[in-house]
Amino acid sequence: MILKPNLDDIKNIGFYLGKVIIGLGLTMCLPILIGLIYGESSPIFDFMIAAEAALILGLALKTLCRSNKDLSWMQGMIVVSLSWIVAMFIGAIPLYLSGHWRSFLDACFDSMSGFATTGLALGQDLDHLSYTHNFWRHLIMFIGGQGIVVVALSFFIKGLSGAFKMYVGEARDERILPNVVHTSRFIWLVSLVYFVLGTSVLAIIASAGGMHISKALFHGACVFMTAFDTGGFCPQSQSILYYHSFPFEIATVVIMILGALNFKLHYHVWTGNRKEIYRNIETGTFFITVISAFLVTAVGLAQAGIYQGAFVLFRKGFYQLISGHTGTGFQTIYPQQFAGEWNDLAVVGVICGMALGGAVCSTTGAIKMLRLGIIFKAMAQDIKRIILPERAIVVKKFHHIRETFLQDTHVRPALLITLAYLLLYGIGTLVGMFFGYPFLHSLFESTSAAANVGLSCGITSSGMPALMKVVYILQMWAGRLEFMSVFTLVGFMVAAIRGK
Amino acid sequence: MTKFILCACVFLLFSGMGGACAQPVESRQLVSKADLYDGKTVAYEGEAIGDIMVRGDHAWINVHDGSYAIGIWIKREAASAVTHTGGYKSKGDWVEVVGVLNKACPRHGGDLDIHAESLRVITPGALRREAVSQDKKTVVYILAGVLCLVMIASLFVKK
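Fair warning: this is a prediction, and the values are worked out from it, not measured in the lab.

The next thing to look at is the overall build of chain A. Helix and strand counts for chain A come out as 22 helices and 2 strands. Taken over C-alpha atoms, the radius of gyration comes to 22 Å for chain A, in line with the 23 Å a tight globule of 500 residues would show. Expressed as lengths along the three principal axes of its C-alpha atoms, the size of chain A is roughly 65 × 65 × 50 Å. Expressed as a percentage of its 500 residues, the buried residues of chain A come to 60%.

Shown next as structure tokens:
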């Protein structure tokens, strides 16, 4: 028998959802500050409208649903999944008001793409977008990469015992420190330290490359936020191609890789345990998959004969691949070049990289390295079991911060999530093909959306069918939250309708 | 005589393909059919956007024609003809560039770019005056009022 959710469930969900929305409204003070610095008055009004709308909604929810109870697992998951949907709508308001998005759906698409750190964009004439709106596009990637609820946990929700349930709902099932609020703050500390370093390096390179220092700083900060949070938005429409700078590309590659590593790994390296880099199953798996996917891409590019010389082939091939593999989505080629110039083999190499992603408890999406490593270890264990005598006991271990014996309890969830991702990639591909796009291009774009990457082969545009935009939005949402909280929300809605 | 005319036509046709295209080519065409224009001299028109990035005796200008922006590698002195670049508060100079298109420029890491031979400003850009819509102002004031009411109401509910 399915139990119908009671009023207490709804009140509890509404109360915490209200808190998260208030947090989101308050973060809009940052773009307003940027607007004041750059003297952009119209964008300031756009953000004032959005911030006021968020504060009214958040405050109303918090007041109407006042509750002192702790969140249950189900409630925590639903708060997370709803927070992301509401954040998409609120985040889209200033974008739509700027006039650079053709419809509110397009603005919602870019807003979800930002929060989910995807990087696919439907915005028009981005080269004339205000600093204020541009900053917001990059800030939502930074917030989304950290986790919308992690932001609320760090700054707006104090001493909440149900915090871990929301933290897990945002696909962060690893606690770095014993207290989840301290974990959230550590994640912010890591991000802010890298922010200062990364922004400085990018700004120095951009400035040395001929950009005015004030603009170089703005571009450095924006590109850092989207590189470290493996998002992929860029201040200009040409993505990284705009800078025409090899050092800038190298710097972004380093930042993208740092963003794709587990925050827990960052913690251990910061506290002196540097050996963890080599011993961790995730870094080992990441290294192997990057090399393998790059080999496929490089052979494809060599066959296509587009790039003269190994260096040029490496620079173009490796950049798109690592950008896809880390789930970032920066491009140094035009989307049409993927479709028109790269051959199928090279494109498949990039798709494989996108589908696999980075580390768990990082800002990347997709299947992720820990799950892949566990699946391969389990396969090796089973093969060994077949080869060795029946009485032999086969034991496999994997190292992820500590040595752990491989058990079915590790393998089963890893396989389930992997299967869910493969299904998600497949559904988007089918929808693309339904609208007449070729198989490989549909697969490319679908994987890019569901794995929160942002590379495009040209399908994503303002002119694509509205249903495809909605499907991609759902893919980005489900892919970022890694299904569990999305499934819980669906279950909650079914229970509300059919429960007794 | 007929043979002579035929040869002359063929010569003119092929020399035309190898030389400069008189009509500007759109960026969509240059990107999607780069094979056709690779290594050839093309004319390209668009708005100079963003920054003029000086690198030694050359500079990069990104020129956007409405579909895509293409990087133009140009001599520093020639780049100085551009006085406005497009951004939020300015409309950039609309320029015509004549130069060689590289589908994957070996000198610039495989970028699709144009090595400009000449640049001409067709329409000068200008600063744009920012106007705030009255409707937006009205909405801000109304929402501020509603927000105050909700805040007051929330205080009463607390009590």
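Our next topic: the packing of helix α5 (residues 104–115) of chain A against helix α21 (residues 466–481) of chain A. All names here are of chain A. Relative orientation of the contacting elements α5 and α21 amounts to 20°, with a least axis distance of 9 Å. Classified by the angle their axes make, α5 and α21 are roughly parallel. Between α5 and α21 lies a crossing of left-handed hand. Residue-level inspection shows L105, C108, F109, M112 and S113 of α5 in contact with α21, the latter providing A466, K469, Y472, I473, M476 and W477. Of the residues contributing to the contact of α5 with α21, the split by class is 9 nonpolar, 1 polar and 1 charged.

A few words now on the sheet that holds strand β5 (residues 94–105) of chain B. Residue and element names in this part refer to chain B. Here 5 strands make up a closed barrel; going around it, the order is β1-β2-β3-β6-β5 and the pairing mixed. The mean inter-strand angle of the sheet, taken between neighbouring strand axes irrespective of direction, is 55°. Direction of pairing for strand β3 (residues 69–75) relative to strand β6 (residues 111–123): parallel, over a ladder of 3 bridges. Each bridged residue has a counterpart across the sheet, and for W73 the counterpart in β6 is H115.

A few words on the interface of chain B and chain A. At the interface, 40 residues of chain B touch 41 residues of chain A. The set of elements that each furnish at least two residues to the side of chain B that touches chain A consists of α2 (27–32), β1 (41–55), β2 (58–64), β3, β6 and α5 (134–158) of chain B. With 13 residues, the top contributor of residues to the side of chain B that touches chain A is α5(B). Partitioned by chemical class, the residues of the side of chain B that touches chain A number 23 nonpolar, 11 polar and 6 charged.

Residues and elements named next belong to chain B. Both β1 and β5 contribute to a ladder of 7 bridges, which runs antiparallel. Within β5, the residue paired with A43 across the bridge is V98. When β5 meets β6, the two strands line up antiparallel, connected through 10 bridges. Opposite N102, over in β6, you have D113 as the bridge partner.

In this section: unusual backbone geometry. Residues and elements named next belong to chain A. Even without glycine at this site, C361 takes up a positive phi of about 55°. Looking at the element boundaries, C361 is found in the loop between α17 (344–356) and α18 (369–387). Judged by C-beta crowding, with 24 C-beta atoms within 10 Å, C361 ranks as buried. Phi is positive for E482, close to 55°, though the residue is something other than glycine. Considering the arrangement of structural elements, one finds E482 in the loop between α21 and α22 (484–498).

Time to look at the domain arrangement of chain A. How big an interface is tends to be stated in terms of the accessible area lost upon association of its parts. Residue and element names in this part refer to chain A. Taken as a whole, chain A is organised into domain 1 (1–173 + 465–500) and domain 2 (174–423 + 452–462). On a C-alpha basis, the centres of domain 1 and domain 2 stand 25 Å from each other. Each side of the interface is counted separately: domain 1 has 36 residues, and domain 2 has 35 residues. For the side of domain 1 that touches domain 2, the secondary structure elements donating two or more residues are α5, α6 (131–146), α7 (148–155), α8 (163–169) and α21. Here the element with the most residues in the side of domain 1 that touches domain 2 is α6; it accounts for 10 residues.

Next up on the list: the packing of helix α15 (residues 310–325) of chain A against α17(A). Residue and element names in this part refer to chain A. Between α15 and α17, the least distance of the axes is 7 Å, while the angle of their chain directions is 25°. The orientation of α15 with respect to α17, classified from their angle, is roughly parallel. Contacts from Q320, L321, G324 and H325 of α15 reach α17 at G349, V350, G353, M354 and L356. For the contact of α15 with α17, the residue count by class is 4 nonpolar, 5 polar and no charged.

Time to look at helix α2 (residues 29–38) of chain A. Working note: α-helix, 3.6 residues per turn, so residues spaced by three or four point in the same direction. Residues and elements named next belong to chain A. Taken as a whole, α2 has its buried residues at P31, I32, I34 and G35. One side of α2 holds all its buried residues, which, seen down the axis, span an arc of 155°. For α2, the exposed residues set more than 90 degrees away from the buried face come down to C29 and L36. In this structure, the buried residues of α2 make contact with α3 (41–64) and α6. Following α2 by one or two positions, G39 adopts a phi angle in the positive range, close to 65°.

Our focus in this paragraph is the nonpolar core. Within the largest apolar cluster, 184 residues are counted, with the highest numbers of intra-cluster contacts made by A:A54 and B:I61. Looking at which domains feed residues into this core, each of domain 1 (1–173 + 465–500) and domain 2 (174–423 + 452–462) of chain A supplies at least three. With residues up to four places along the chain from it excluded, the contact list for B:I61 reads B:A48, B:I52, B:I72, B:I74, B:A79 and B:V82.

Let us now look at the environment of A:M354. All names here are of chain A. The topology assignment puts M354 in helix α17. Distance in space between the C-alpha atoms of M354 and A451 is 6.5 Å, their sequence separation being 97 residues. Dropping the residues within four chain positions of it, M354 is found in contact with G324, H325, A366, T447, S448, A451, V453 and L455.

So, on to the confidence of the model for chain B. All names here are of chain B. Mean pLDDT over chain B works out to 87, with 85% of the residues at or above the 70 mark. When the criterion is pLDDT under 50, residues 11–20 qualifies, and its contacts beyond four places in sequence or with other chains add up to 5 contacts. In the model output, the complex is listed with pTM 0.90 alongside ipTM 0.85.

Taking 1.5 Å as the rise per residue, helix α11 (residues 246–260) of chain A with 15 residues should run 21 Å; its terminal C-alpha atoms sit 21 Å apart, in good agreement. Listing the buried residues of α11(A) in full gives A:F248, A:E249, A:A251, A:T252, A:I255, A:M256, A:L258, A:G259 and A:A260.

With that settled, consider the pairing of β2(B). Residue and element names in this part refer to chain B. Counting buried residues along β2, 6 of its 7 residues qualify, which places the element largely inside the surrounding structure. In this antiparallel pair of consecutive strands, β1 and β2, the connection spans 2 residues, and G56 shows a positive phi of 65°. Examined bridge by bridge, β2 and β3 share 7 bridges and lie antiparallel to one another. What sits directly across from I61, in β3, is I72.

Residues and elements named next belong to chain A. Secondary-structure assignment places P235 in the loop between α10 (213–228) and α11. C-alpha separation for the pair P235 and S130, spaced 105 residues apart in sequence, amounts to 9.8 Å. Not counting chain neighbours up to four residues away, the residues in contact with P235 comprise N134, H219 and C222.

Quick notes on the rules
Residues numbered from 1 in each chain as written. Chains lettered and ligands numbered in written order. Predicted model: local features only at pLDDT ≥ 70, side-chain atom pairs only at ≥ 80, totals over all residues. Helix = DSSP H or I, 4+ residues; strand = E, 2+ residues; numbered from the N terminus. Rg over C-alpha atoms; globule rule 2.2 N^0.38 Å. Buried ≥ 20, exposed ≤ 12 C-beta atoms within 10 Å, placed from the backbone. Axes fitted to C-alpha atoms, helices over the stretch in contact; angles between N-to-C directions. Parallel < 35°, antiparallel > 145°, perpendicular 65-115°, else oblique. Left-handed = near helix turned anticlockwise from the far one by under 90°. Contact = placed C-beta atoms within 7 Å. Nonpolar A, V, L, I, M, F, W, Y, C, P; charged D, E, K, R; others polar. Pairing = 2+ DSSP bridges. Domains from an automatic or database assignment. Arc of directions from axis to C-beta. Core = buried A, V, L, I, M, F, W, Y, C linked by C-beta atoms within 7 Å. pLDDT = per-residue confidence, 0-100. Expected span 1.5 Å × (residues − 1).

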